[in-house]
Amino acid sequence: MTSPQNDPAPQPPQGHTHAHTHSHGPAAPVSRHLRKVIAAVLIPFATAVVVGLIAFWPGGVPDHERTGVGFDRQTQDGKVVQVVKVDCADVNAAQVPPTGDTSTPSGREAVNEQEGQCAKATIEVTSGDDKGRRFVEVVQPDAPRQLKEGQGVVVAYAPDAPRDLQYSVTDVNRKVPMALLAGIFALAVVLVGRMRGVMALVALAVSFAVLTLFILPAILQGSNPLVVAVIGASAIMLAALYMCHGVTARTSVAVIGTLISLLLIGLLGSLFIGWASLSGNTDDNTGLIKGLYPDIDMSGLLLAGVIIGSLGVLDDVTVTQTSAVWELHQADPEMGWKGLYRAGIRIGRDHIASVVNTLVLAYAGAALPLLLLFSIAQSSVGTVANSELVAEEIVRTLVGSIGLVASVPVTTVLAALVVSADRAGPGGAPAATAVPARTGRGRRRKTG
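Trainee: Would you take a moment to explain the overall build of the chain for this structure?
Mentor: The helix and strand inventory of the chain stands at 13 helices and five strands. Burial statistics for the chain: of 448 residues in total, 35% are counted as buried. Of the roughly 25500 Å² of accessible surface on the chain, a fraction of 62% belongs to carbon and sulfur atoms.

Trainee: What is the right way to look at the environment of C118 in this model?
Mentor: The topology assignment puts C118 in strand β2 (residues 117-125). The spacing of C118 and V83 is 35 residues in sequence and 9.9 Å in space, taken between C-alpha atoms.

Trainee: Sorry if this is basic, but what is going on with the pattern of salt bridges here?
Mentor: Side-chain pairs of opposite charge can arise where the charged atoms are in close proximity. The final tally for this structure, using the stated rule, is six salt bridges. A salt bridge links R134 to E124, with the nearest nitrogen and oxygen atoms 3.1 Å apart. A residue pair is termed long-range when its members are at least 10 positions apart, and R134 in strand β3 (residues 134-139) and E124 in strand β2 qualify at 10 residues. Close ionic contact of D171 with R174 constitutes a salt bridge, the shortest N to O distance being 2.9 Å. A relative accessible area of 26% places D171 in the partly exposed class. Classification of R174 as partly exposed rests on a relative accessible area of 43%.

Trainee: Would you explain the pairing of β2 in this entry?
Mentor: Side-chain positions along a regular strand alternate between the two faces of the sheet. Where strand β1 (residues 74-87) lies against β2, nine bridges are found, and the strand directions are antiparallel. In the strand pairing of β2, G78 is matched with V125. By the bridge criterion, six bridges tie β2 to β3 in an arrangement that is antiparallel. The partner of I123 across the bridge, within β3, is F135.

Trainee: What's the story with the pairing of strand β4 (residues 152-157) in this structure? I'm lost.
Mentor: Of the strand pairs in this sheet, β1 and β4 are connected by six bridges, and their pairing is antiparallel. Bridge pairing in β4 places K79 opposite G152.

Trainee: Looking at this structure, I do not really get unusual backbone geometry. What am I missing?
Mentor: Where the residue is not glycine, phi is negative for most of them; where a peptide bond is considered, it is trans in most cases. Positioned with a positive phi, R194 is a non-glycine residue whose angle comes to about 55°. Note that R194 resides in helix α4 (residues 175-220). R194 gets classed as exposed once you look at its relative accessible area, which sits at 65%. Even without a glycine there, the phi angle at S277 is positive, about 55°. Locating S277 in the fold gives a position in the loop between α6 (249-275) and α7 (284-292). Judged by its relative accessible area of 57%, S277 falls in the exposed class.

What counts as what
- The residue numbering used here restarts from 1 in each chain and proceeds along that chain's sequence as written.
- Reporting in this predicted model follows two pLDDT cut-offs: at least 70 for local features of residues, and 80 or more for side-chain atom pairs to be given and counted; totals over whole chains, interfaces and linings ignore these cut-offs and use all residues.
- Side-chain descriptors were evaluated using all non-hydrogen atoms of the structure, hydrogens and water having been removed beforehand.
- For helices the rule is a DSSP run of H or I covering at least 4 residues; for strands it is a run of E covering at least 2, with both sets numbered from the N terminus onward.
- For the exposure calls, accessible area comes from a 1.4 Å probe over protein chains only, and a residue counts as buried if that area is under 20% of its type's maximum, exposed if over 50%, partly exposed in between.
- Note on areas: Shrake-Rupley with a 1.4 Å probe; residue coverage comes only from the protein chains shown.
- Salt-bridge detection follows one rule: a side-chain nitrogen of Lys or Arg within 4 Å of a carboxyl oxygen of Asp or Glu.
- At least two DSSP bridges between two strands are required for those strands to pair.

Everything listed here is a matter of coordinates, which is why it stays silent on function.
Shown next, in the form of structure tokens:
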């Protein structure tokens, strides 16, 4: 018997060597030619985004004289130091209608308040120049927000009012539970996603930074909301996708697919918002914005909201479709781009159904109180849909959904074309991905 030292080991075929390396490492990168093509598209786009950020950078929120109305009030922190029960009649909390008519909701409410027990709360201001100052707040028995001792509150300050009426409670301080919930969310993302989760949190922070430091101040400065939204959304998209998924050809294809879909959403949104004569000024908050900054294009602001609101779901769809096509190619490297597209679009159809339903339900949930009011009024479907408040949500939902639906075939065909065009390596030699995965025979040869 020949010793193992003198018996040369059989050499596996060259193809087997490639397959073994591929099966244990990351997916082989695309060819240099394709990387150049992708870079030729993305580098000018990224450069344009950077130039846009510089050109439209606002440098901060413009100053204005506070109106003391709604969100435009000066606020400070406060704390409830004492709560005592008193008769509502003793503190004159409500007045019964002079006619004595209690058939209306307001009349019945006034009678109940006169006969009930009110809460007389003593509030101490805990921040600002008047820290330590106390005032009294009377809470009616049927008020939606009741106060209790030790509770943190937000107080509004009206400097032009009489001294005893300068402070009033406007909300409850929710900073602690909100911060705790955010911490639990971040911990869950990191524990499950590990380094990918950390990068997702970093990308989330970048998104908020772009929104608060660029998009919102630039719109308040009077810049075109649509242009600002496109630049800001593009910056968020580039940062989020490349941070979370790496600087690869796969991510670049998802970026291009997202960009095309965003452009479609912008065009459709601009067309139908103008055609439906949607002003974007439909409630107290938008009315207050228009009053403070008359030069803001409110319909453009509505369109900007449609684009930014669709971006998050678009990222999910395009990344998923691109990954699906890449994995299909890894499973069957001999499949052409048409086969990859057909297989990828079958996956995408399931994704479309779930994503569109999610988007519609999200908007319907946000508008649920409004829909309840129309239901109480027994309005017809046509009347409800024709009102500007609901029409805005319909246009927002349908335009965003059309962009999402379009993103599936667009991204799938892009990914199929890119990954199938990489079937030959440099110099025409077969690429690593074009070789079947390691077989049982190969393992026996290696270990024999």
